[in-house]
Every structure is written in structure tokens, then in C-alpha cells.
Amino acid sequence: MPGASVPLPVSAGPPESPRHVAVIMDGNGRWAKSRGLPRLEGHRQGAESVRRCIEAAIDHGVEYLTLFGFSSENWKRSEAEVNGLMSLLRLYLRREIAELDKNGVRFIVIGDRSRLEPDINKMIADAEQRTAGNTRMTLVLALSYGARDELVRAARVLARAVAAGEMTADDIDEPTISRYLYTADIPDPDLLIRTSGEQRISNFLLWQCAYTEFVFTDTLWPDFDESDFAAAISTYKGRERRFGAAGV
Ligand code: IPE
Ligand code: IPE
Ligand code: MG
């Protein structure tokens, strides 16, 4: 649904199951450190949690699951850690896509692909193409993703279109901006989960989370399982979403 950020739903009251769940998968490093293991071991275990989380999301009837895998700021980490994460990504793409496809999951990536290695981009493009017709759930993996970067890109494209006389400044409204984001065809998240006790958004989906419900858990991402997912859904269902309307 292009321009999914608007209009906002008008009804207030307890929400149904979330259509779109987004997750900031945080705490791999601390999980490893607490065990005296290298950070990469935490990331390796984190990949197992990804599998569990996808299964849990399917079981809960989630239509879109967006996972923050690597931020535009994560490039600042040591070369060894970045290389290790990229190797894990390769392994994940090589091993998991067939399973996702079998389970009816459509796979897409959002983020700045120009910073990813060509072989990774090729695997992503193949995976997106292979799973394009699947309808059970859409898995959105955010890689080299930063929300401010996403908004800057949208602003540049729109500015160029205005400069070229293809549109006027007044043509730019909320649906227009939504359409120029990586998430153009994806509805806004209903629920955002962040693990590891941090309570910040870290440049994730800034525009899209305008009315998203946030659930924070102390669980470190490698320990996150079906029961944590179910607990977050249950917390979400106890919330009252108002979208600016008067309370019930
Ligand atoms: C999340 O875990 C994974 C990525 C950001 C790639 P971290 O690596 O941020 O783990 P902590 O926050 O240092 O524990
Ligand atoms: C956010 O976690 C990015 C991902 C989970 C991929 P970070 O660990 O990078 O965020 P900060 O640095 O704690 O804000
Ligand atoms: Mg972290």
C-alpha cells in the first residue's frame, strides 16, 4: 500500500493483533561478553533468535516483520566486527532463504545497498526475486539502514523532481514522502520491540513510527524466544491506541 504512513486510523480503543511488528535486535555483544565469548559469537547466536522470531511472528499472524540487522552507523564498528557480521549475513542468506520460501515468506531488504558488497547484493536480489510471490508474511530486513539517511534521499529525489518541473513544492504531502522511502509499499509498524534494556530508537524508522507502540524488554537478543515475542504481543494488546483522538 503506497503512502502507508497516512491516513492514520480514526478509531481509538484496544488494538487487534499487530499487522506489522518491527524489532531492534540489540544485546548480542553484551550476551557474548557476559559469557567471556567474542562479540561475534553473540551475533551468531542472534541469528538463531532471528529464526525463532520469524516462526513466532508467523504463528501470531503477523503480516510484516521488520528486523533491524545492521544500521548505517554500525559501519563505524571495528573492521573485524563488520567483516564478521557480513560473513554471518552471507551464511544466513545462503542457508535460510530456501526455508523462508518453503514457509511462504516474502523477503525484502531496506537500506543503503550501495555500501554492501556486490556478492551480498546479488544474494539479496536473488532472494527477493525467488520469494516475491509469497503471501504468508513479509520479512523486511533492514541492512545498512538509517532513517535520517532514508529521509535525506527522499528529500533529494523530490527536490530534483521539483527542479526538473515534474512537480511543484505544494505537491509534496505526507503520502508523497512515504512513497519515496524504502518502505513505500509497507504499512507503518504497529509494534516496535527493542531488546537488551536500551530505550531508544537508534535511527530506525523515524517517519514510520509516528504512532507505533513501543515495547522494551531487558532480554538480550540471543536469548529472545517465542515467549518473549508472545509477551510483547500481549503488552501491545493491552495498550490503547489513540492516534491523537480523544481517549475512550
Ligand atoms: C545488536 O547487538 C547487533 C547489531 C547492532 C549488529 P550489539 O552488537 O549492538 O550488542 P550490544 O548492544 O553491544 O550488546
Ligand atoms: C541498533 O543497535 C542497530 C541494530 C540493532 C542493528 P545499536 O547497538 O547499534 O544502537 P546503539 O548504538 O546502542 O544506539
Ligand atoms: Mg547494541
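Going by the structure above, here's the rest.
Conventions and cut-offs
- Residues numbered from 1 in each chain as written.
- Chains lettered and ligands numbered in written order.
- Predicted model: local features only at pLDDT ≥ 70, side-chain atom pairs only at ≥ 80, totals over all residues.
- Heavy atoms only, no water.
- Helix = DSSP H or I, 4+ residues; strand = E, 2+ residues; numbered from the N terminus.
- Rg over C-alpha atoms; globule rule 2.2 N^0.38 Å.
- Near = heavy atom within 4 Å.
- Polar contact = N/O pair within 3.5 Å; in protein donor to acceptor, adjacent residues only side chain to side chain.
- Buried < 20%, exposed > 50% of the residue type's maximum accessible area, 1.4 Å probe, protein only.
- Contact = heavy atoms within 4.5 Å.
- Disulfide = S-S within 2.5 Å.
- Areas by Shrake-Rupley, 256 points an atom, 1.4 Å probe, with all protein chains shown as cover.
- Nonpolar A, V, L, I, M, F, W, Y, C, P; charged D, E, K, R; others polar.
- Core = buried A, V, L, I, M, F, W, Y, C linked by side-chain atoms within 4.5 Å.
- Expected span 1.5 Å × (residues − 1).
- Arc of directions from axis to C-beta.

K.L.:
Looking at this structure, how should I read the overall build of the protein chain?
P.N.:
When its secondary structure is counted, the protein chain shows seven helices and six strands. If you list the helices and strands of the protein chain from N to C, you get β-α-α-β-α-β-α-β-α-α-β-β-α. Taken against the 2.2 N^0.38 rule, which gives 18 Å for 248 residues, the C-alpha radius of gyration of the protein chain at 18 Å falls within 12% of a compact globule. Its C-alpha atoms give the protein chain principal-axis dimensions of about 55 × 45 × 35 Å.

K.L.:
In this structure, what is going on with the site of ligand 1? I would like to understand it.
P.N.:
Taken together, 13 residues sit near ligand 1, with Asp26, Gly29, Arg30, Arg39 and Arg77 positioned nearest. Side-chain polar atom of Asp26 to an oxygen atom of ligand 1: 2.8 Å apart, as the coordinates give it. Note that an oxygen atom of ligand 1 is positioned 2.7 Å from one of the backbone N or O atoms of Arg30. Every element with two or more residues in the shell around ligand 1 is listed here: α1 (28-34), α2 (39-59) and α3 (79-102). Take the shell around ligand 1: its biggest share by element is three residues, from α1.

K.L.:
For this particular structure, what's the right way to read the environment of Met86?
P.N.:
Tracing the backbone shows Met86 in helix α3. Met86 gets classed as buried once you look at its relative accessible area, which sits at 8%. The spatial distance from the C-alpha of Met86 to the C-alpha of Glu16 is 37 Å, given a sequence separation of 70 residues. Setting aside residues up to four positions removed in sequence, Met86 forms contacts with Phe70, Trp75, Leu116 and Ile120.

K.L.:
Sorry if this is basic, but what is going on with the state of the cysteines here?
P.N.:
Disulfides are covalent bonds that connect the sulfur atoms of two cysteines. Per the counting criterion, the structure on display carries zero disulfides. With no disulfide of its own, Cys53 has Cys209 as its nearest cysteine by sulfur position, at a separation of 15 Å.

K.L.:
So what exactly am I meant to see when it comes to the site of ligand 2 here?
P.N.:
Within the structure, ligand 2 sits among Ile24, Met25, Asp26, Phe68, Gly69, Phe70, Asn74, Arg77, Arg194, Arg200 and Ser202. Contacts to ligand 2 include Asn74, whose side-chain N or O atom sits 2.9 Å from an oxygen atom. Between an oxygen atom of ligand 2 and a side-chain N or O atom of Ser202, the distance comes to 2.6 Å. Protein contact buries 78% of the 390 Å² of open area that ligand 2 shows by itself. Counting residues per element, the shell around ligand 2 draws most heavily on strand β2 (residues 64-71), at three residues. Among the residues making up the shell around ligand 2, the classes are represented as four nonpolar, three polar and four charged.

K.L.:
Whenever I open this one, the nonpolar core confuses me. Can you help?
P.N.:
Across soluble globular proteins, nonpolar side chains have a tendency to be buried as a group. Core analysis: the biggest nonpolar cluster contains 42 residues, and Leu65 and Phe229 have the highest contact counts within it. Counting residues per element, this core draws most heavily on α3, at eight residues. Ignoring any residue separated from it by four or fewer positions in sequence, one finds Leu65 in contact with Val21, Val23, Cys53, Ile54, Ala57, Met137, Thr138, Leu139 and Val140. Counting 15 residues, the second-largest nonpolar core is a separate cluster that includes Ile24, Ile108, Ile110 and Cys209.

K.L.:
Could you clarify how one ought to interpret the side chain of Thr212 in this entry?
P.N.:
Relative to the helices and strands, Thr212 resides in the loop between β5 (191-194) and β6 (213-216). Thr212 gets classed as buried once you look at its relative accessible area, which sits at 10%. Polar contacts involving the side chain of Thr212 include one to the main-chain carbonyl oxygen of Pro189, which spans 2.7 Å. Here Thr212 is in contact with Pro189, Asp190, Leu191, Leu192 and Arg241, once residues within four sequence places are set aside.

K.L.:
Teacher, can you tell me more about helix α4 (residues 118-131) here?
P.N.:
Residues spaced three or four apart along an α-helix face the same direction, because each turn holds 3.6 residues. With 14 residues, α4 extends 20 Å between its outermost C-alpha atoms, agreeing within 8% with the 20 Å of an ideal straight helix rising 1.5 Å per residue. Restricting attention to buried positions, one finds in α4 the residues Ile120, Met123, Ile124, Ala127, Glu128 and Thr131. Projection of α4 onto a plane perpendicular to its axis shows the buried side chains occupying an angular sector of 130°, all on one side. Looking at α4, the residues exposed on the side facing more than 90 degrees away from the buried face are Pro118, Lys122 and Gln129. Looking at the buried residues of α4, the elements they touch are α3, β3 (105-110) and β4 (137-145).

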